[in-house]
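The lines below spell out each chain.
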Amino acid sequence: EPRAPPNRIAIVGAGIGGTSSAYYLRKKFGKDVKIDVFEREEVGGRLATLKVQGHDYEAGGSVIHPLNLHMKRFVKELGLSSVPASGGLVGVYNGKSLVFEESSWFVINVIKLVWRYGFQSLRMHMWVEDLLDKFMRIYRYQSHDYAFSSVEKLMHAIGGDDYVRLLNQTLRENLKKAGFSETFLNEMIAPVMKVNYGQSTDINAFVGAVSLTAADSNLWAVEGGNKIVCSGLLQASSSNLISGSVMSIEEKTRTKQTGNPTKMYEVVYKTGSETHSDFYDIVLVAAPLNRKMSNITFRNFDPPIEEFNDPYQQLVTTFIKGELNSTLFSSRPKDQFGLSAILVTDDSDMFINSLSIVASVRQKEGPPPAVDGMHVWKTFSRDILTKEQISKLFLSYDYAVRKPWLSYPHYEPPQKCPSIILHDQLYYLNGIEFAASCMEMSAIAGYNAALLAYHRWNGNEDMIDQDDLYERLKTEL
Ligand SMILES: Cc1cc2nc3c(=O)[nH]c(=O)nc-3n(C[C@H](O)[C@H](O)[C@H](O)COP(=O)(O)OP(=O)(O)OC[C@H]3O[C@@H](n4cnc5c(N)ncnc54)[C@H](O)[C@@H]3O)c2cc1C
Ligand SMILES: CC(C)=CCC/C(C)=C/CC/C(C)=C/CSC[C@H](N)C(=O)O
């Protein structure tokens, strides 16, 4: 006899993690369960746009890889459209000059890369492809309903000990061992880590590989803004959005209509100045558990729920509509400066991590041609840019708007990923960010938590933490 589904499920956080778990929980538990999603700010979380003179630009999660199958599925099922997200020529600046300048001719790029770095770019591509090939196994496991109780077990099921080891060593250590040169690491790899994660090559090797896949071509984004996937998933899952801030979660014994005492979770939350509480059978926390970010207290758990204080990286996105001071980077006349993105090396002493021309979320054809030499540029920096710094970067500018973030974990391998199961029916999604933080990883965590909650509710132990899945599923249609 299958167990009756739970009456009520709470999800804390309406980012892509929380909303994808709502979508998959509905699929697993059916139409009768009431799903409440708590969100204290905007639906979308770190998927957010900023307005520049009437047009919206992606300020948080912006690019999606063509093999990010959950994001692809969401866009298709929600009837949304995609737009190309990359394009334009990239240069790498070391504080004195451009050490690499992309050409619009493929052959020229190959010659330049081979001339400076030998065949390291090709070897790097092969290293990333091999990891990505294995990564794709997770979709097969999930489509067969398998779940994992820890991030390490999920990683092990994907690629065995070698894959788990990626979490425990730095990208630099890993690539040095594989024979990549200091010059290649400093000029080609470090700038990619800086633009994507605001950190150095000392991040773990797995997130390093994810970051390198984000340097691929054919990246895409959702037309209208990536955050509309989150509102679409909320709607598709018929969840009830509660605009409030969850303050605490406590396990309590309640007597249900059947007369049986049942353990439930009391979720206490604030809407405006009012405090409310409700009881749930299952709770999923889909926000980073960090005092500065979600500030949720777990009350009276025995044993107590562990404290999570791992720091998140401070990062500022700034959009500037202006005319670039290209002489800062190159001695070429400004009409011959054709770069659309500038990445910087770690030793460059620059106050920005990157600078790139961007299109608004509705511009399907990419950024429009410059008007009076002006484009909308997006910069990432650790600190808020001063007026002097902006004036150094731009000959003139019309408009600047910024958004500061606690963006991603500060990666410091070796590092254990936080637990997924915090208590009997209390789950935590964002531990996966300590392997790698991106939209697809949160969606994977959302699906995994939904499957885990379903199997643990129904006692399907054989669907959890199976380690020989790759071999077993090879023979299944
Ligand atoms: C600047 C930047 C650029 C990025 N670029 C990319 C990219 O190009 N591609 C990519 O794939 N990824 C990118 N990422 C990463 C990606 O955006 C995140 O990994 C992903 O959006 C995280 O989703 P999430 O749902 O797990 O968390 P979040 O989006 O952070 O969602 C958590 C939600 O919980 C809410 N919340 C927190 N505490 C409470 C509480 N107590 N009560 C109620 N609600 C609460 C928050 O308000 C938030 O909305 C980027 C991130 C940043 C910051
Ligand atoms: C999970 C896999 C296999 C691939 C995901 C690749 C991906 C899209 C990672 C995102 C990396 C990231 C956090 C990028 C942030 S900056 C993005 C962009 N360069 C920008 O300027 O906005």
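Residues numbered from 1 in each chain as written. Chains lettered and ligands numbered in written order. Predicted model: local features only at pLDDT ≥ 70, side-chain atom pairs only at ≥ 80, totals over all residues. Heavy atoms only, no water.

(A) Broad picture of the nonpolar core. Counting 100 residues, the largest nonpolar core has Trp 127 and Phe 206 as its most contacted members. Ranked by residue count, the leading element in this core is helix α12 (residues 439–458), at 12 residues. Contact partners of Trp 127, with chain neighbours within four places excluded, come to Leu 166, Leu 171, Asn 174, Leu 175, Ala 205, Ala 209 and Leu 212. Core analysis: the next-biggest nonpolar cluster, separate from the first, contains 21 residues, Phe 308, Leu 422, Leu 426 and Tyr 428 among them. (Core = buried A, V, L, I, M, F, W, Y, C linked by side-chain atoms within 4.5 Å. Buried < 20%, exposed > 50% of the residue type's maximum accessible area, 1.4 Å probe, protein only. Helix = DSSP H or I, 4+ residues; strand = E, 2+ residues; numbered from the N terminus. Contact = heavy atoms within 4.5 Å.)

(B) Structural context of the site of ligand 1. If you check the shell around ligand 1, you find 39 residues, and the closest are Gly 17, Glu 39, Arg 46, Val 63 and Ser 442. At 3.2 Å from a nitrogen atom of ligand 1 is found a main-chain nitrogen or oxygen belonging to Arg 40. In this structure, an oxygen atom belonging to ligand 1 sits 2.7 Å away from a main-chain N or O atom of Arg 46. For ligand 1, whose free accessible area comes to 1000 Å², the fraction covered by protein is 94%. Contributing elements (two or more residues each) for the shell around ligand 1: α1 (16–29), β2 (34–39), β10 (245–255), β15 (312–324), β19 (394–409) and α12. With three residues, β19 is the largest single contributor of residues to the shell around ligand 1. Of the residues in the shell around ligand 1, the class split is 18 nonpolar, 16 polar and five charged. (Near = heavy atom within 4 Å. Polar contact = N/O pair within 3.5 Å; in protein donor to acceptor, adjacent residues only side chain to side chain. Areas by Shrake-Rupley, 256 points an atom, 1.4 Å probe, with all protein chains shown as cover. Nonpolar A, V, L, I, M, F, W, Y, C, P; charged D, E, K, R; others polar.)

(C) Local environment of the environment of Val 12. The topology assignment puts Val 12 in strand β1 (residues 8–12). Val 12 sits 112 residues away from Met 124 along the chain, and the two C-alpha atoms are 39 Å apart.

(D) Focus on the side chain of Glu 58. Position of Glu 58 relative to the elements: it lies in strand β4 (residues 55–58). Although Glu 58 lies buried, it forms no salt bridge, and the closest oppositely charged side chain, Lys 378, sits 7.1 Å away as judged by the N-O distance. Within the structure, the side chain of Glu 58 is placed 2.6 Å from the backbone nitrogen of Asn 226, a separation counted as a polar contact. With sequence-adjacent residues up to four places away left out, Glu 58 is seen in contact with Ala 48, Thr 49, Gly 225, Asn 226, Phe 319, Val 361 and Lys 378. (Lys, Arg positive; Asp, Glu negative; His and termini not counted. Salt bridge = Lys/Arg side-chain N within 4 Å of Asp/Glu carboxyl O.)

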